Amino acid sequence: MPVRLDHGEVRRRFKYDHELRDTYNHVLAGGKWNHLMDQTHIGYFDWYPPESDIMPAVADLDLDGVTGFGVSVDGDSRAWPGYYLPPTLPTLDSITRLPTYLDVFPRGLAEAPVTVTADQPWVTIREGKAFSASPRDRRFWIDVDWAKASVGKVTATIAVKGDTTISVRLDAVRATPQQEKDARGAFGGLAGAFAVPVTAFARSVPVGAVRWDTIPDFGRVEAAMSIFPVDAQSFPDPTRAPRLAYPIFLAAAGRYRVDLVTGPTLEVIPGRKLSVAVWLDDQPPEIRTVFTPEDTASQDFLGAKHAVNTADNARTMTFAIDAKQPGRHMLTIGMIDPTMVLQTIAISNEDPKASYFGPPILDVRPAKPGQPVLPWAIVRS
């Protein structure tokens, strides 16, 4: 959900940015480094900077007499009331045990007191700090007491009551003992898309001196993986090439989408078309190539896709895998060409929602003694 800023706050921050610029130019070292921070940087819309900083467009709303409250839910850009279909929270499951949340905000200038209750005893609700800049917004964290929930899928209704009532649906899935066993030590859960950090492989297989190795602090991740040496020969058969294997848990049989987020590398070694392979268990590899005859112009320097890739500092390559049965599987990434840099693996059974950082990392492996729990990872003991 985007941060909600009132227009006065937008103007205040824009003004503060200019005050900071003037401090660097005229105050720092007595003005010795005047013009150090002259370059404009707010309001870019193409490669070239604007002639002057452009404040984001804002509009003032006349909210006098407007009352009531609105509700938004985790993972949805909409707010209620205003839509025919009722709001639905992301499905919770007992393997990952991630909570979810809903936000309540006044629609006008007046306070909008509400109560938030659930119709099932296994739902827990606690109020936390709102993400918005507005002090009148409220966030309610929704979780499940799994000891009270039945095995399988259960449903609850959360009522947000004020001058009216907005009902929010919550689905939860409690795993069977066999599912709990299969998921232990793997990535994944019973509901929703999930990500796998590329450095969390169960097995790395080198071939001779050619290997996958880490690049710390790359792109959007703590560490990426790439082939070393960087000028290694290509491997036409990925099953006999350096490869990385990741244990994953899939809740159901069927086709899954695998998004491999890579670095936006160009064809730096002539003839190396940046190919890589992905496969599940012992199934045939699926090979994808960046610089195909059809796509080279778009992916190459100053091409349409290159502009997006460099802005994101990432390129996404999409694969498909077929799970013959639910449960534990091994996902393998095999090298074909060097200079391919892996950032993240994202897995879903439907088209994923647009997101800069992608889905959460659902790690059901036991935490090692003294191992820090990273903010983007859910590590279960």
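One structure accompanies this document, and this report is about it. None of these values were measured; they are calculated from a predicted model.

## Focus on the overall build of the protein chain
A count of helical and extended segments in the protein chain gives four helices and 21 strands. Projected onto its principal axes, the C-alpha coordinates of the protein chain cover approximately 70 × 70 × 45 Å. Each of the 381 residues in the protein chain was classed as buried or not, and the buried ones make up 40%. The long-range fraction of contacts in the protein chain, counting pairs at least 24 apart against all pairs at least 6 apart in sequence, stands at 72%. Roughly 21000 Å² of accessible area belongs to the protein chain as shown, and the carbon and sulfur atoms make up 55% of that amount. Taken as two groups, the 40 positive and 45 negative side-chain charges of the protein chain have centres that lie 6 Å from each other.

## Some thoughts on the pattern of salt bridges
Under the counting rule described, the total for this entry stands at 18 salt bridges. As a salt-bridge pair, Arg 78 and Asp 76 come within 3.0 Å of each other at their nearest N and O atoms. For Asp 76, a relative accessible area of 15% translates into the label buried. Measuring nitrogen to oxygen at the nearest pair gives 3.8 Å for the salt bridge that ties Asp 145 to Lys 148.

## Some points on the packing of aromatic side chains
Within the structure shown, the criterion is met by two aromatic pairs. Between the aromatic rings of Trp 80 and Tyr 83, the centroid separation amounts to 5.7 Å while the plane-to-plane angle is 55°, which identifies the pairing as tilted. Take Trp 80: its relative accessible area is 4%, and that puts it in the buried class. Exposure remark for Tyr 83: the relative accessible area of 44% places this residue in the partly exposed category. Consider the rings of Tyr 101 and Trp 141, whose centres lie 5.3 Å apart with planes at 65°: the pair is edge-to-face. Of the two residues, Tyr 101 sits in strand 3 (residues 100-106) while Trp 141 sits in strand 6 (residues 138-144), which places them 40 residues apart along the sequence.

## Remarks on the environment of Ala 251
Within the secondary structure, Ala 251 is located in the loop between strand 13 (243-250) and strand 14 (254-262). The partly exposed category is assigned to Ala 251, whose relative accessible area is 27%. In sequence terms Ala 251 and Val 151 are 100 residues apart; their C-alpha atoms lie 14 Å from each other. With near-sequence residues (within four places) excluded, Ala 251 lies in contact with Gly 189, Leu 190, Tyr 256 and Pro 326.

About the thresholds
Positions within a chain are numbered from 1, following the residues in the order the chain's sequence is written. Only residues with pLDDT of at least 70 get local features here, since the model is predicted, and only at 80 or more are side-chain atom pairs given and counted; chain-wide, interface and lining totals rely on the full set of residues. Excluded from the side-chain calculation are hydrogens and water; included are all heavy atoms of the structure. A run of H or I in DSSP counts as a helix once it spans at least four residues, and a run of E counts as a strand once it spans at least two, with each numbered from the N terminus. Burial status follows relative accessibility: with a 1.4 Å probe on protein chains alone, a residue under 20% of its type maximum counts as buried, one over 50% as exposed, and anything between as partly exposed. We call two residues in contact when some of their heavy atoms are within 4.5 Å. Every accessible area reported is derived by Shrake-Rupley at a probe size of 1.4 Å, with residue values counting cover from the shown protein chains alone. None of His or the chain ends enter the tally, which takes Lys and Arg as positive and Asp and Glu as negative. The location of each charge is read from NZ of Lys, CZ of Arg, CG of Asp or CD of Glu. Salt bridges, as used here, are contacts in which a Lys or Arg side-chain nitrogen is within 4 Å of a carboxyl oxygen on Asp or Glu. The aromatic pairing rule takes the rings of Phe, Tyr and Trp, using the six-membered ring of Trp, and pairs them if the centres are within 6.5 Å, calling planes under 30 degrees apart stacked, those over 60 edge-to-face and the rest tilted.

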